[in-house]
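# Residue-level structure breakdown
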Amino acid sequence: MLSERAIQVIILLVIAGVCGSIAQRLVGGKGVGCLASIALGFIGALVGQLIAQKAKLPELLPIRIGNQNFPVIWAVIGASLFAAVLALLSGRNRPTDE
């Protein structure tokens, strides 16, 4: 049987994966896989929270998992910005001259 902490980590991973997947679709990217979506969701949460703190904006739609909040809206916004920057730097999704 899984402990309460293990269940919390699994829930956090699922939420991060959903946020990363939504962000990837918003930017126009293709599905990058489960692990990449989870990583993108966590990076997005960090970037989004940093933006919100610097702009003195409130935390939007936080989901409480154990004793920590996961800012869903800021995670999607931050992950979208991060994915867009990665797409620009890697040269993906550029139109070709034919």
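Residues numbered from 1 in each chain as written. Predicted model: local features only at pLDDT ≥ 70, side-chain atom pairs only at ≥ 80, totals over all residues. Heavy atoms only, no water.

## Looking at the pairing of strand 1 (residues 62–65)
Note the threshold: Pairing between two strands requires that DSSP report at least two bridges joining them. The helix and strand labels rest on DSSP assignments: H or I over at least four residues marks a helix, E over at least two residues marks a strand, and numbering proceeds from the N terminus.
Where strand 1 lies against strand 2 (residues 68–71), four bridges are found, and the strand directions are antiparallel. The residue of strand 2 that forms the bridge with proline 62 is proline 71.

## Notes on the layout of surface pockets
This is how it is decided: Cavity and pocket criteria rest on a 1 Å grid covering protein atoms alone: a 1.4 Å probe that fits but cannot get out defines a cavity, protein on both sides within 12 Å along at least 5 of 7 lines defines an open pocket, and an atom within 4 Å of a point defines a lining residue. Grid points are joined across faces, edges and corners, and a volume is the space filled by probe spheres set on the points. Three classes are used, and their members are as follows: Ala, Val, Leu, Ile, Met, Phe, Trp, Tyr, Cys and Pro are nonpolar, Asp, Glu, Lys and Arg are charged, and the others, Gly among them, are polar.
The volume enclosed by the largest pocket comes to roughly 210 Å³. Lining of the largest pocket is provided by 13 residues; of these, Leu12, Phe42, Gln68, Asn69 and Phe70 occupy positions nearest its centre. Elements represented by at least two residues in the lining of the largest pocket include exactly helix 1 (4–27), helix 2 (34–54) and strand 2. When the residues that make up the lining of the largest pocket are grouped by side-chain class, the tally is eight nonpolar, four polar and one charged.

## Digging into the packing of helix 2 against helix 3 (residues 72–90)
Helix packing geometry: the angle between the two helix axes and the distance between the axes. Basically, it comes down to this: Only the contacting stretch of a helix is used when fitting its axis, a line to C-alpha atoms as for every element, and angles between N-to-C directions run 0 to 180 degrees. Each angle receives one of four descriptions, namely roughly parallel if under 35 degrees, roughly antiparallel if over 145, roughly perpendicular if within 65 to 115, and oblique otherwise. Contacts are residue-level and defined by heavy atoms, with any inter-residue pair within 4.5 Å sufficient.
Relative orientation of the contacting elements helix 2 and helix 3 amounts to 105 degrees, with a least axis distance of 6 Å. Comparing the axis directions of helix 2 and helix 3 gives the class roughly perpendicular. Of the residues in helix 3, those in contact with Leu40, Gly41, Ile43, Gly44, Ala45, Val47, Gly48, Gln49, Ile51 and Ala52 of helix 2 are Trp74, Ala75, Gly78, Ala79, Leu81, Phe82 and Ala83. Split into classes, the residues belonging to the contact of helix 2 with helix 3 amount to twelve nonpolar, five polar and no charged.

## Some details on the packing of aromatic side chains
Threshold: Each Phe, Tyr or Trp ring (for Trp, its six-membered ring) is paired with any other whose centre lies within 6.5 Å, and the angle between the two planes then decides the class: stacked below 30 degrees, edge-to-face above 60, tilted in between. The classification of residues rests on relative accessible area computed with a 1.4 Å probe and restricted to protein chains. Under 20% of the type maximum is buried, over 50% is exposed, and intermediate values are partly exposed.
With the rule as written, the count across this model stands at one aromatic pair. A centroid spacing of 6.1 Å and a plane angle of 85 degrees characterise the contact between phenylalanine 42 and phenylalanine 70, whose relative ring orientation is edge-to-face. Remark: phenylalanine 70 occurs in strand 2 and phenylalanine 42 occurs in helix 2; sequence separation between them is 28 residues. Of the residues examined, phenylalanine 70 reaches a relative accessible area of 5% and is grouped as buried.

## Let's talk about the side chain of serine 37
Here serine 37 shows up in helix 2. Excluding its chain neighbours within four sequence positions, the residues that come into contact with serine 37 are Ala16, Gly17, Gly20, Ser21 and Val32.

That's the geometry; what it means functionally is another story.
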